[in-house]
Amino acid sequence: MYEDKTLVCKDCGKEFVFTAGEQEFYAEKGFTNEPQRCKECRDKRKHAPREYHDAVCASCGKACKVPFAPSGDRPVYCSECFAKMQEEQA
């Protein structure tokens, strides 16, 4: 059903093979997008130090650091408030 596909890495521009087995795994997991990076670039991103950004919690007003750049159009929560929200939804 699946056949190996050659894709181009969006970071380094190198070609890599998206194997039939990987495609089957993606389908089983419900993933709809093909990988955009080769294994080397995925590994590099995975092990790169994370950059944190200053923010103010929308719930308690405490200063915090988050692993994404807040855009201002959505609320940002400190880890304690975020955990409380997750518990309430469960």
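Our subject is the structure listed above.
Summary of the structure given here.

Rules used throughout
Residues numbered from 1 in each chain as written. Predicted model: local features only at pLDDT ≥ 70, side-chain atom pairs only at ≥ 80, totals over all residues. Heavy atoms only, no water. Phe/Tyr/Trp six-rings, centres within 6.5 Å; stacked < 30°, edge-to-face > 60°. Buried < 20%, exposed > 50% of the residue type's maximum accessible area, 1.4 Å probe, protein only. 1 Å grid on protein atoms, 1.4 Å probe; cavity = no way out; pocket = protein on both sides within 12 Å on 5 of 7 lines; lining within 4 Å. Points joined across faces, edges and corners; volume = space filled by probe spheres on them. Helix = DSSP H or I, 4+ residues; strand = E, 2+ residues; numbered from the N terminus. Nonpolar A, V, L, I, M, F, W, Y, C, P; charged D, E, K, R; others polar. Pairing = 2+ DSSP bridges.

Examining the packing of aromatic side chains
Enumeration over the complete set of coordinates arrives at 4 aromatic pairs. An angle of 70° between the planes, with centres 6.5 Å apart, marks the rings of phenylalanine 25 and phenylalanine 31 as edge-to-face. Residue phenylalanine 31 is classed as partly exposed on the basis of its relative accessible area, which comes to 46%. Between the aromatic rings of tyrosine 26 and phenylalanine 31, the centroid separation amounts to 5.4 Å while the plane-to-plane angle is 85°, which identifies the pairing as edge-to-face. Grouping aromatic residues by their ring pairs yields a cluster made of Phe18, Phe25, Tyr26 and Phe31.

Observations regarding the layout of surface pockets
Of the volumes computed, that of the largest pocket is approximately 300 Å³. The wall of the largest pocket is formed by 17 residues, among which Val66, Phe68, Val76, Tyr77 and Phe82 lie closest to the centre. Put simply, the parts of the chain that give the lining of the largest pocket at least two residues each are strand S4 (63-66) and helix H3 (79-89). Its residues placed into classes, the lining of the largest pocket shows 9 nonpolar, 3 polar and 5 charged.

Thoughts on the pairing of strand S3 (residues 53-56)
Residues in a regular strand project their side chains so that they alternate between the two faces of the sheet. Bridge count between S3 and S4: 4 bridges; the pairing is antiparallel. Within the sheet, the bridge partner assigned to histidine 53 lies in S4 and is valine 66. In textbook terms, the turn of a hairpin is the stretch between consecutive antiparallel strands, and for S3 and S4 this stretch comprises 6 residues, one of which, glycine 61, has a positive phi near 80°.

Digging into the environment of serine 79
One can find serine 79 in helix H3. Taking the C-alpha atoms as reference, serine 79 lies 8.2 Å from cysteine 64; in sequence the two are 15 residues apart.

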